[in-house]
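Geometric and topological summary
Listed here are the chains, written in short residue letters.
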Amino acid sequence: MKAYVTGFILSIILTIIPLVLVLNHMMAKTMLMVTILLAAVLQFVIQLFFFMHIREGEQPRYNAAALILGIVFVVTIVVGAIWIMSFNEVVQ
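Rules used throughout
Residues numbered from 1 in each chain as written. Predicted model: local features only at pLDDT ≥ 70, side-chain atom pairs only at ≥ 80, totals over all residues. Heavy atoms only, no water. Helix = DSSP H or I, 4+ residues; strand = E, 2+ residues; numbered from the N terminus. Buried < 20%, exposed > 50% of the residue type's maximum accessible area, 1.4 Å probe, protein only. Contact = heavy atoms within 4.5 Å. Areas by Shrake-Rupley, 256 points an atom, 1.4 Å probe, with all protein chains shown as cover. Polar contact = N/O pair within 3.5 Å; in protein donor to acceptor, adjacent residues only side chain to side chain. Expected span 1.5 Å × (residues − 1). Axes fitted to C-alpha atoms, helices over the stretch in contact; angles between N-to-C directions. Parallel < 35°, antiparallel > 145°, perpendicular 65-115°, else oblique. pLDDT = per-residue confidence, 0-100.

We now examine the overall build of the protein. A tally of regular secondary structure across the protein gives 3 helices and 0 strands. Listing the helices and strands of the protein from first to last along the sequence gives α-α-α. Split into buried and exposed, the 92 residues of the protein put 15% on the buried side. Long-range pairs, those at least 24 residues apart, make up 61% of the contacts in the protein with a sequence separation of at least 6. Per element, the accessible surface of the protein, about 7400 Å² overall, is 77% carbon and sulfur.

This is how it looks when you write it as structure tokens:
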């Protein structure tokens, strides 16, 4: 139970920090994007260890396959989101 609560609190913190930075316009656009991506990667790692139990299991091969698939999904979503955001600037 302690691991779940710790993971939840860390995930909430890593969600609130970029939200506050964006809403208050506290950084330049490039630095803000880097901060958001860094928070997203940290949150991904936290969720892997605290909720998906990547360290535990009878067959670590399945954990590694799940981790690789998760990384592929995350990279696809992040690159696609950046591409869509850059295309939106061209249209406006």
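Picking up where we left off.
Looking at the secondary structure, you find Gln 43 in helix 2 (residues 29-50). Judged by relative accessible area, which is 17%, Gln 43 ranks as buried. A polar contact of 3.3 Å, which involves the side chain of Gln 43, links it to the backbone oxygen of Ser 11. Once residues lying within four places of it in the same chain are set aside, the contact partners of Gln 43 are Ser 11, Leu 14 and Thr 15.

Further remarks concern helix 2. Compared with an ideal rise of 1.5 Å per residue, which puts 22 residues at 32 Å, helix 2 spans 31 Å between its outermost C-alpha atoms and is within 8% of the ideal. Where helix 2 is concerned, the buried positions are Leu 32, Thr 35, Ala 39, Gln 43, Ile 46 and Leu 48.

At a minimum axis separation of 10 Å, helix 1 (residues 2-23) and helix 2 run at an interaxial angle of 170°. Taken as axis vectors, helix 1 and helix 2 run roughly antiparallel relative to one another. Where helix 1 abuts helix 2, its residues Ala 3, Tyr 4, Thr 6, Gly 7, Leu 10, Ser 11, Leu 14, Thr 15, Pro 18, Leu 21 and Val 22 lie against Leu 32, Thr 35, Ile 36, Ala 39, Leu 42, Gln 43, Ile 46, Gln 47 and Phe 50.

A word on the confidence of the model for the protein. Here the protein averages 86 in pLDDT, while 88% of its residues score no lower than 70. Confidence scores differ between elements of the protein, with helix 3 (residues 60-91) showing the lowest mean pLDDT of 83 and helix 1 the highest of 92.

Let us look at unusual backbone geometry. Its identity as a non-glycine residue notwithstanding, His 25 has a phi of 50°, on the positive side. Along the chain, His 25 turns up in the loop between helix 1 and helix 2. The exposed category is assigned to His 25, whose relative accessible area is 69%.

Further remarks concern the side chain of Ser 11. Looking at where Ser 11 falls in the secondary structure, it is placed in helix 1. By relative accessible area, Ser 11 is classed as buried at 7%. Among the polar contacts listed, one links the side chain of Ser 11 to the backbone oxygen of Gly 7, at a separation of 2.9 Å. Once residues lying within four places of it in the same chain are set aside, the contact partners of Ser 11 are Gln 43, Ile 46, Gln 47 and Phe 51.

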